[in-house]
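Results of the structural survey
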Amino acid sequence: MDPEASQTAQESLDLVFHMSNILETGLDRHTLSVLIALCDLGLNPEALAAVVKELRRDHVPLSLH
């Protein structure tokens, strides 16, 4: 990835993380990055949101860190 694309990706992740914090989602940068990558691969964002909610309900940690 060229430096400009890398900078844009980092800025986008920073913005998403900031929005996530405002909304008090509790998602960390790594988890958000994985979710964004899955959306970029064509997975349905609503389905991913449902999975996140289900995992939280079952108390499964969303982050490996």
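Let me begin by describing the structure that accompanies this report.

Procedures and definitions
- Residues numbered from 1 in each chain as written.
- Predicted model: local features only at pLDDT ≥ 70, side-chain atom pairs only at ≥ 80, totals over all residues.
- Heavy atoms only, no water.
- Helix = DSSP H or I, 4+ residues; strand = E, 2+ residues; numbered from the N terminus.
- Buried < 20%, exposed > 50% of the residue type's maximum accessible area, 1.4 Å probe, protein only.
- Contact = heavy atoms within 4.5 Å.
- Areas by Shrake-Rupley, 256 points an atom, 1.4 Å probe, with all protein chains shown as cover.
- Axes fitted to C-alpha atoms, helices over the stretch in contact; angles between N-to-C directions.
- Left-handed = near helix turned anticlockwise from the far one by under 90°.
- Nonpolar A, V, L, I, M, F, W, Y, C, P; charged D, E, K, R; others polar.
- 1 Å grid on protein atoms, 1.4 Å probe; cavity = no way out; pocket = protein on both sides within 12 Å on 5 of 7 lines; lining within 4 Å.
- Points joined across faces, edges and corners; volume = space filled by probe spheres on them.

1. With respect to the overall build of the protein chain
- Across its full length, the protein chain carries three helices and zero strands.
- A principal-axis box enclosing the C-alpha atoms of the protein chain has dimensions of 40 × 25 × 20 Å.
- When each of the 65 residues of the protein chain is scored for burial, the buried share is 14%.
- Here the contacts in the protein chain between residues at least 6 apart in sequence split such that 28% fall between residues at least 24 apart.
- Here the protein chain has roughly 5200 Å² of accessible surface; of this, 62% comes from carbon and sulfur atoms.

2. Quick notes on the side chain of serine 20
- Of note, serine 20 is situated in helix H1 (residues 3-22).
- With residues near it in sequence (within four places) discarded, serine 20 still touches Thr25, Leu27 and Leu32.

3. Here's the deal with the packing of helix H2 (residues 29-40) against helix H3 (residues 45-57)
- As a packed pair, H2 and H3 sit with axes 10 Å apart at the nearest point and diverge in direction by 145°. As for the relative orientation of H2 and H3, their crossing is right-handed in sense. Here Leu35, Leu38 and Cys39 of H2 lie close against H3, whose contacting residues are Pro45, Leu48 and Val52.
- Considering only residue class, the contact of H2 with H3 consists of six nonpolar, no polar and no charged.

4. With respect to the layout of surface pockets
- Volume-wise, the largest pocket comes out at about 300 Å³.
- As for the largest pocket, its lining consists of 13 residues, of which Leu27, Leu32, Leu35, Ala49 and Val52 are closest to the centre.
- A total of six residues in the lining of the largest pocket trace back to one element, the largest contributor, which is H3.
- The residue makeup of the lining of the largest pocket, split by class, is ten nonpolar, one polar and two charged.

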